Amino acid sequence: MKRAKIYIAAAIFLLITVMKLLSPSLASGVRERLLPALQYSVDYREVMIELGRQLGDSDGIRQVFSWMGDTRETEPAEGAQPQRSSWETRYTPATIRQLYGTAGEGLSAVYGVAAEPAEGAQAQAEPIPEPQSEPEPVPTVVAAFLQQQAAFSDYAVPANVSYDMPQLPFSYTTPVTGMTSSGFGYRMHPLANEVKFHYGTDFAAYTGTQIHAFADGTVLACGESDSYGNYIMLDHGNGYQSLYGHCSEVWVSWGETVSCGQVIGAVGATGQVTGPHLHFELMHNDTYLNPEFYLEAA
């Protein structure tokens, strides 16, 4: 029986469409006579809805309901309340969902009807954004160093180097009284005449100027090398170490315990140098840190 009604409804729809193309006035008269009967017949109204569903997209659905007179009126005047169309009144979101299932979303898009959650379904609350923590400010001395190194942005930071400034877990002091002659980071090497990374800080000072232990520690090594000349290495615990190069004299021995500020040697010009100075390095777990970050604050 329902199949027969679908055929009848389809034939009526096709007939009115053809008549509308041939004679709009005649089609309008026929439509006005048939429409009341179809609208008040629940069976035929469901048939027309089914016909719209069979058309398969929102344009086909719009055509069926447009033919049945269920179109939205023109936009309301400014300040006036919008009028609900007859389609919105008779076919609520729940009815659309029951008749069309997921196709109800297409009808909602066509006619502006908001979808409603299925019965018993939990409404999804909008996620609450997690509070964003503000980044810690960059220390002035670090910002100045990064600005200076921007000239060497084409060079990658060595894997065993960190530009961070971790807080040292011990008291410390400046190892020598002197002027910084060559800083940590990329530079034009004074002997090789090419850009190379400088793993420490050079302090220009007169030969014989006293060298002080950066912090409490133990003498890890001392001796002589081709590049550093006479050198001293201290272990400060917690993975921290310091190195003092180009010394003219070394006044400590391996395994000796030293205290912060203790005199451990004297400035010289041994090894590969262009003049007397102290080459000072600071490391943490075999990663080189910039000593100037701490000497500026000392």
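Right above here is the structure, for reference.
Notes on the structure in this doc start here. (Residues numbered from 1 in each chain as written. Predicted model: local features only at pLDDT ≥ 70, side-chain atom pairs only at ≥ 80, totals over all residues. Heavy atoms only, no water.)

Side note on helix α8 (residues 140–149)
Residue pairs three or four apart in sequence face the same way in an α-helix, which turns once every 3.6 residues. The condition that has to hold: The classification of residues rests on relative accessible area computed with a 1.4 Å probe and restricted to protein chains. Under 20% of the type maximum is buried, over 50% is exposed, and intermediate values are partly exposed. Strands are runs of DSSP state E lasting at least 2 residues, helices are runs of H or I lasting at least 4, and numbering of each runs from the N terminus. As used here, the arc belongs to the directions running from the helix axis to the C-beta atoms. Every residue pair with non-hydrogen atoms within 4.5 Å of one another is taken to be in contact.
Buried within α8 are the following residues: V142, F145 and Q149. Taken down its axis, α8 places every buried residue within 65° of arc, on the same side. Across α8 from its buried face, at more than 90 degrees, point the exposed residues T140 and Q147. Looking at the buried residues of α8, the elements they touch are β2 (185–188) and α9 (292–295).

Digging into the pattern of salt bridges
As a reminder, the rule being used: Salt bridges are identified by distance alone: a Lys or Arg side-chain nitrogen within 4 Å of an Asp or Glu carboxyl oxygen.
Taken as a whole and judged by the stated rule, the model has 2 salt bridges. Taking the shortest distance from any N to any O, the salt bridge between R187 and D202 comes out at 3.8 Å. Taken together, the residues span a long stretch of sequence, with R187 in strand β2 and D202 in strand β4 (residues 201–204) at a distance of 15 residues. In this structure, R187 and D202 share a single accessibility class: buried. Put simply, K196 and E194 hold a salt bridge, and the shortest N to O gap is 3.8 Å. K196 sits in the partly exposed class, given a relative accessible area of 37%. We classify E194 as partly exposed; its relative accessible area is 41%.

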